[in-house]
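Observations on the model geometry
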Amino acid sequence: MTTIRLLAMPGSARRESLNRRLLKILVRGAEQAGATVTVYEPRDNEMPLYDGDLEAAEGIPAAAARLQRLFSEHHGLLLATPEYNGFFPPLVKNTFDWLSRPIPDGSGKPGTIHVRGKPAGMVAASPGALGGMRSLQHCRQYLSNLGFLVVPDQVGVPKADSAFDAEGELVDARVRASVEGVGASVARLAAKLATGG
Ligand SMILES: Cc1cc2nc3c(=O)[nH]c(=O)nc-3n(C[C@H](O)[C@H](O)[C@H](O)COP(=O)(O)O)c2cc1C
């Protein structure tokens, strides 16, 4: 049986990030559906702001090459992203823009070869009333442009500053189940694709 491996990333580097809390629940849904999950922390894998001159002089940053390699070893993506002014944050865009640059083996192939046709699932958390849903619309388009198959279900958690209990659990059981459901959808689609089903 193929082990389904998913890469999970919070779209915020903030220590007390609401989205990092939400990611844990998304991850749990994927694990309950049989996937093994690796968390990729942007905090620990800092990348410079994309700069073509820097790339020409130094190649892609080690953190970006590492992310490309990680995606070559994983079957899909779980993302919990904040919303900044109706969009997903520059941290997410910068990370995946670097990922899309040529892999460092001299072949000239873009990093997107490691994500093309792989499933992705997104959720968002915001203290606001819309739960970051606007960022998810843009993020869906962006991840699709990179070649991910973004699963149809997505969840935005509004009033997220009061949505978690002291243990980091989502208080509302229905919202919790929906977030876990996105993770499970990604795991199931990844399994289907991996087995050619
Ligand atoms: C520059 C900036 C713009 C923001 N714009 C929005 C927004 O458009 N909609 C929203 O719901 N929250 C917005 N917020 C509030 C974030 O949702 C909030 O800071 C959230 O906690 C960030 O996610 P994190 O906790 O995972 O770091 C914004 C925050 C910042 C710093």
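Just above, that's the structure.
Now for a quick tour of the structure. Quantities reported herein were computed from a predicted structural model and do not represent experimental measurements.

Let's shift gears to the site of the ligand. As a matter of local geometry, the ligand sits amid 13 residues, with Ser12, Arg14, Ser17, Asn85 and Ser126 nearest to it. Within the contact set of the ligand, a nitrogen atom lies 2.7 Å away from a backbone nitrogen or oxygen of Asn85. One nitrogen or oxygen atom from the main chain of Gly86 is found 2.9 Å from an oxygen atom belonging to the ligand. Against a free-state accessible area of 630 Å², the protein chains account for coverage of 70% of the ligand. Here the residues of the shell around the ligand are counted per class, giving 4 nonpolar, 6 polar and 3 charged.

Turning next to the nonpolar core. If you look at the biggest cluster of nonpolar residues, it comprises 29 residues, and the most contacted ones within it are Tyr40, Phe71, Leu77, Phe96, Leu143 and Phe148. In terms of residues, this core owes the most to one element, helix α3 (residues 62-72), which gives 6 residues. The contact partners of Phe71, leaving out residues within four places of it in the chain, are Leu7, Gly76, Leu77, Phe96, Leu99, His114, Val115, Lys118 and Phe148.

What follows covers the pattern of salt bridges. A full pass over the atoms with the stated rule returns 7 salt bridges. One salt bridge connects Arg28 with Glu180, and the closest N-O pair in it is separated by 2.9 Å. One end of the pair, Arg28, is in helix α1 (residues 18-32); the other, Glu180, is in helix α6 (residues 173-194), with 152 residues separating them in the sequence. Among the residues examined, Arg28 registers a relative accessible area of 25% and is labelled partly exposed. Here Lys93 ties to Asp97 by a salt bridge, and the two come within 2.9 Å at their closest N and O atoms. One end of the pair, Lys93, and the other, Asp97, are both in helix α4 (residues 90-99), 4 residues apart, so they sit about a helical turn from each other. Residue classification places Asp97 among the partly exposed positions, given a relative accessible area of 22%. Beyond isolated ion pairs, a larger network of salt bridges with shared partners links Arg28, Glu169, Arg176 and Glu180.

Glancing now at the pairing of strand β4 (residues 119-125). Counted residue by residue, β4 has 7 buried out of 7 residues, so it is predominantly covered. Burial along β4 is two-sided: Pro119, Gly121, Val123 and Ala125 facing one way and Ala120, Met122 and Ala124 facing the other are all buried. Sheet topology places strand β3 (residues 76-81) next to β4; 5 bridges connect them, and they run parallel. Opposite Leu78, over in β4, you have Gly121 as the bridge partner. Crossover handedness for the path β3 to α4 to β4: right-handed.

Next up on the list: α6. End to end, α6 covers 31 Å across 22 residues, agreeing with the expected 32 Å (1.5 Å per residue, within 8%). Along α6, the residues classified as buried are Val179, Glu180, Val182, Gly183, Ala184, Ser185, Val186, Ala187 and Ala190. Buried-residue contacts for α6 involve β1 (5-10), α1, β3, β4 and β6 (155-157). Gly196 sits one or two residues past α6 and shows a positive phi near 70 degrees.

Rules behind the numbers
Residues numbered from 1 in each chain as written. Predicted model: local features only at pLDDT ≥ 70, side-chain atom pairs only at ≥ 80, totals over all residues. Heavy atoms only, no water. Near = heavy atom within 4 Å. Polar contact = N/O pair within 3.5 Å; in protein donor to acceptor, adjacent residues only side chain to side chain. Areas by Shrake-Rupley, 256 points an atom, 1.4 Å probe, with all protein chains shown as cover. Nonpolar A, V, L, I, M, F, W, Y, C, P; charged D, E, K, R; others polar. Core = buried A, V, L, I, M, F, W, Y, C linked by side-chain atoms within 4.5 Å. Buried < 20%, exposed > 50% of the residue type's maximum accessible area, 1.4 Å probe, protein only. Helix = DSSP H or I, 4+ residues; strand = E, 2+ residues; numbered from the N terminus. Contact = heavy atoms within 4.5 Å. Salt bridge = Lys/Arg side-chain N within 4 Å of Asp/Glu carboxyl O. Pairing = 2+ DSSP bridges. Right-handed = clockwise from strand over helix to strand, strands pointing away. Expected span 1.5 Å × (residues − 1).

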